[in-house]
Each structure stands twice: as C-alpha cells, then as structure tokens.
Amino acid sequence: MSRVTLSRYLIEQTRSHNTPADLRFLVEVVARACKEISHAVSKGALGGVLGSMGTENVQGEVQKKLDVISNEILLEANEWAGNLAGMASEEMDHPYQIPGKYPKGAYLLVFDPLDGSSNIDVNVSVGTIFSVLRCPTEYLSQNDSLREEAFLQPGTTQVAAGYAIYGPQTMLILTLGNGVKGFTLDRELGSFVLTHENITVPTSTAEFAINMSNERHWEAPVKRYVSELLAGKEGPLGKNYNMRWIASMVADVHRILTRGGVFMYPRDSREPEKPGKLRLMYEANPMSFIIEQAGGAATNGHQRILDIQPENLHQRVAVFLGSKEEVERATAYHKEG
C-alpha cells in the first residue's frame, strides 16, 4: 500500500471536504518552511545557530539565534505565494506586510516560529506553532497596509492550525477542522507522510504538566487542584498522578495529545495585571483548536479559550488544556473559588 504524503492528503481533502485550493497550497508552504527549520535545528552547534542574538522580542524575552532564523524562514517562504493578506509573528511587534511586488490572498498566517527555544542549547524538543484565519473582506485592499485589527478574531474562526515538533522525529500535527492528523517527516523521501490517521486525546489520564516552581504564585483554585492531584490514591481523586514538565509547550502538549492528561500554565501573582503567560493568538488558540478537534478541552480557567475575543495581537492568557474530564475539573475549581 502506497504511503499518503501531506500533499496527497490535502488534495483528497479538497475533493472530499471542499478544502479551498489556496488553503491547501498555504499549508504545503508552511510545511516546507517547517522542514527547513527542522534542518536548521538539527545542525545545532555545527551550524553555528545556538546561543542568543543579544536582542529582545516584543514580550521582552531574549531572542535565540534560531528564533530569528525560524521567523525569517517562515516569512520568506510565505510572502510570495499569493495566499496571504498578511502575517503576524510572536517575534515581531506589528503585522508583516506582504511586499507590494507579490499578490495578496485571502488568508492570515499567525505563528510562533520556534516555541520552547530556551531549550535549544540543551537539545530538548522544540517546535513551530501556526494558525490560519480568513482575512475580513474590509481589510483585503491590495494597496492599504494591513492593520492589526484584521487579526483580532476569536479562535473559533480558525480554518486550520498545526504545529511541527522537532524531536527524535520531526512531526507535523494538523487540523483543518475535521479531526487531527499526524505526519512524520521522511527525510529520504523529503516529504511529510501520514502516520497518525485520527488522533484523539485519551480520556483516561494519570499525568499532568505544570511548572511546580511557580506554586507559591498561583491562585488558590490552582493550588487546591494540584494539591489533590499530588495527594494520589489516598486523596479525594483516588488515583496516583505523574507530573511531567518539559518547558516547551509543543513538547508538553504533544505528550498530552498522545497520552492524555492536562497541561496547565495558570496566571500568577507576579504580574497580576496580565491574565496569563502564554500568547492567545500564537500559542493558546492554535493548540486549543487542535486539542478540541482531538476530543479534548481548553479553557483559561473560566471560559473556553476559543471564545475569547482578542484585544491585541500579543495578548496573553492562562491555559488549561487536555483530556476533557481533567480540564473540566480544573475549571470547576475556579468557579468554586
């Protein structure tokens, strides 16, 4: 039986689910960019790509060399194809304008070019997260600069989302709104090949992911929930749980997607003016879309993440996502106070 490549899968989606051809082309271009990023990541010290740039992004975080390299790869791969009205990146203050010499398309691409890049120097899995939105018609002028407002859409409007994880294997996890598929990069073939037909989050779970070093800063409902997880079989939940924390959202969520559990990055008291740490547009929305399409759930502790109306491009949010039962339990603790 012949293997199904990403290109073949997308063509079949066009036939069976009327996936627009320009969306298909867009996903293929993103996938090619991810292959290039995977190659750069795999070189490590041999490619001179480790270490810091000595600069900060809009969030005030130190940029790694591979942050900047990955950002440039995605911009250059997608700017000329004619599928996009504009792009936005976690590494850039403002939306990226499609150069005037290239045609514009009907979609918007939002991405975190290299999630977990603080782990690069210690050879831990990192990844690329992306989200595709339709550009509102009022912003589709070929001549005007694209404004930030065009991107400020709730996660429910996403038409596609995915992530690439650069680990022992390079994988592309993708949803077009009809389930979640997993593709593994065959380096000999040079293509992503369908290896995981229908990915679902296991409902039975005994794992959770959270940075325990921040416990003293958490809100009371989070402390209570985690303490009951840690109480194990003798506690109120009657089950022993294992904690796992990689500090790379792509890697942590990929494990949750595969093995079940709950990933948590709650807000804390260090920056009370901020509703959380993770970025709504670049991280929380695409990951929540994937998790929900796989049968899981995603909230900020109070409401469904995909229902949140963004107020700015770099908005932050608290995140609880994974197996539906555990996410609903964590959310219930917040409602109880």
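An unreviewed UniProt entry annotates the protein as Fructose-1,6-bisphosphatase class 1 of Pseudomonas triclosanedens. Recorded under Subunit (unreviewed entry), the UniProt text for the protein is reproduced unchanged: "Homotetramer." Database annotation for the protein, UniProt heading Subcellular location (unreviewed entry): "Cytoplasm".

> Sorry if this is basic, but what is going on with the environment of asparagine 71 here?
By secondary structure assignment, the location of asparagine 71 is in helix 3 (residues 65-78). Separated by 134 residues in sequence, asparagine 71 and threonine 205 place their C-alpha atoms 35 Å apart. Apart from residues lying up to four places away in sequence, asparagine 71 is in contact with Ser89, Glu91, Met92, Phe111 and Pro113.

> For this particular structure, what's the right way to read the sheet that holds strand 4 (residues 96-97)?
By definition, the strands of a sheet pair up through backbone hydrogen bonds, in either a parallel or an antiparallel sense. Pairing in this open sheet of 8 strands is mixed, and the strands run 4-3-5-6-7-8-9-10 from one edge to the other. Where the open sheet ends on each side, the last strands, each with one partner, are strand 4 and strand 10 (191-196). When strand 9 (residues 180-186) meets strand 10, the two strands line up antiparallel, connected through 5 bridges. Across the sheet, the residue bridging to leucine 185 is phenylalanine 192, located in strand 10. Together, strand 3 (84-89), strand 5 (107-115), strand 6 (126-134), strand 7 (160-166), strand 8 (170-175), strand 9 and strand 10 form the strand contacts of helix 2 (residues 21-43), whose direction differs from that of strand 5 by roughly 15°. Where helix 5 (residues 249-259) meets the sheet, it contacts strand 5, strand 6, strand 7 and strand 8, and its direction lies at approximately 105° from that of strand 7.

> In this structure, what is going on with the pattern of salt bridges? I would like to understand it.
Once their charged atoms are close, side chains differing in charge can pair, the charge on each being opposite to the other. For the structure shown, the criterion picks out 16 salt bridges. Across the salt bridge formed by arginine 3 and aspartate 186, the nearest N and O atoms sit 2.8 Å from each other. Here arginine 3, found in the segment before helix 1 (6-17), pairs with aspartate 186, found in strand 9; they are 183 residues apart in sequence, far enough to count as distant. Looking at arginine 3, the relative accessible area reads 51%, which means it is exposed. Judged by its relative accessible area of 15%, aspartate 186 is buried. A salt bridge links arginine 259 to glutamate 207; its shortest N-O distance comes to 2.2 Å. One end of the pair, arginine 259, is in helix 5; the other, glutamate 207, is in strand 11 (residues 207-209), and 52 residues separate them in sequence. Judged by relative accessible area, arginine 259 falls into the partly exposed class, the value being 47%.

> Explain the packing of aromatic side chains to me, please; I cannot follow it from the model alone.
Working definition: an aromatic ring pair is given by the centre-to-centre distance plus the angle between the planes. Following the criterion strictly, the structure yields 4 aromatic pairs and no others. One aromatic cluster in this structure is built from Trp245, Phe263 and Tyr265. Taking the ring centre of tyrosine 333 as reference, the NZ or CZ of arginine 224 above it sits at 4.4 Å.

> Even after reading the chapter, I still don't get the sheet that holds strand 12 (residues 242-243), so can you show me in this structure?
Taking strand neighbours across the sheet as the criterion, the 5 strands line up as 12-11-13-17-15 in an open arrangement whose pairing is mixed. Single-partner strands in this sheet number two, and they are strand 12 and strand 15 (297-299). In this structure, strand 15 lies alongside strand 17 (residues 319-322), joined through 3 bridges in antiparallel fashion. Residue alanine 297 lies in a different strand from strand 17, and its bridge partner there is glycine 322. On top of the sheet, helix 5 reaches strand 11, strand 13 (262-265) and strand 17; it is set at about 150° to strand 13, its chief contact. Relative to the sheet, helix 7 (residues 324-336) contacts strand 13, strand 15 and strand 17, its axis offset from that of strand 17 by approximately 155°.

> Even after reading the chapter, I still don't get the environment of phenylalanine 263, so can you show me in this structure?
One can find phenylalanine 263 in strand 13. Sequence-wise, phenylalanine 263 and proline 275 are 12 residues apart; in three dimensions their C-alpha atoms are separated by 17 Å.

> Would you explain the UniProt feature "domain: Fructose-1-6-bisphosphatase class 1 C-terminal" (unreviewed entry) in the protein in this entry?
The sites that UniProt annotates as "domain: Fructose-1-6-bisphosphatase class 1 C-terminal" (unreviewed entry) are residues 202-335. Between the end C-alpha atoms of residues 202-335 the distance is 25 Å, and the span holds 36% helix and 15% strand.

> Would you take a moment to explain the pairing of strand 17 for this structure?
Burial of the side chains of strand 17 extends over both faces: Val319 and Leu321 are buried on one face and Phe320 and Gly322 on the other. The sheet contact formed by strand 13 and strand 17 spans 4 bridges and is antiparallel. In the strand pairing of strand 17, tyrosine 265 is matched with valine 319.

> Help me understand the pairing of strand 13 in this model?
Along any regular strand the residues' side chains alternate between the sheet's two faces. What you see with strand 13 is no split at all: Val262 and Met264 on one side and Phe263 and Tyr265 on the other are buried throughout. Bridging between strand 11 and strand 13 involves 2 bridges; their strand directions are parallel. When the sheet's bridge partners are listed, phenylalanine 208 is paired in strand 13 with valine 262.

Conventions adopted
- Residues numbered from 1 in each chain as written.
- Predicted model: local features only at pLDDT ≥ 70, side-chain atom pairs only at ≥ 80, totals over all residues.
- Heavy atoms only, no water.
- UniProt positions renumbered as here; feature names shortened; annotations may be inferred.
- Helix = DSSP H or I, 4+ residues; strand = E, 2+ residues; numbered from the N terminus.
- Contact = heavy atoms within 4.5 Å.
- Pairing = 2+ DSSP bridges.
- Axes fitted to C-alpha atoms, helices over the stretch in contact; angles between N-to-C directions.
- Salt bridge = Lys/Arg side-chain N within 4 Å of Asp/Glu carboxyl O.
- Buried < 20%, exposed > 50% of the residue type's maximum accessible area, 1.4 Å probe, protein only.
- Phe/Tyr/Trp six-rings, centres within 6.5 Å; stacked < 30°, edge-to-face > 60°.
- Lys NZ or Arg CZ within 6 Å of the ring centre and 35° of its normal.

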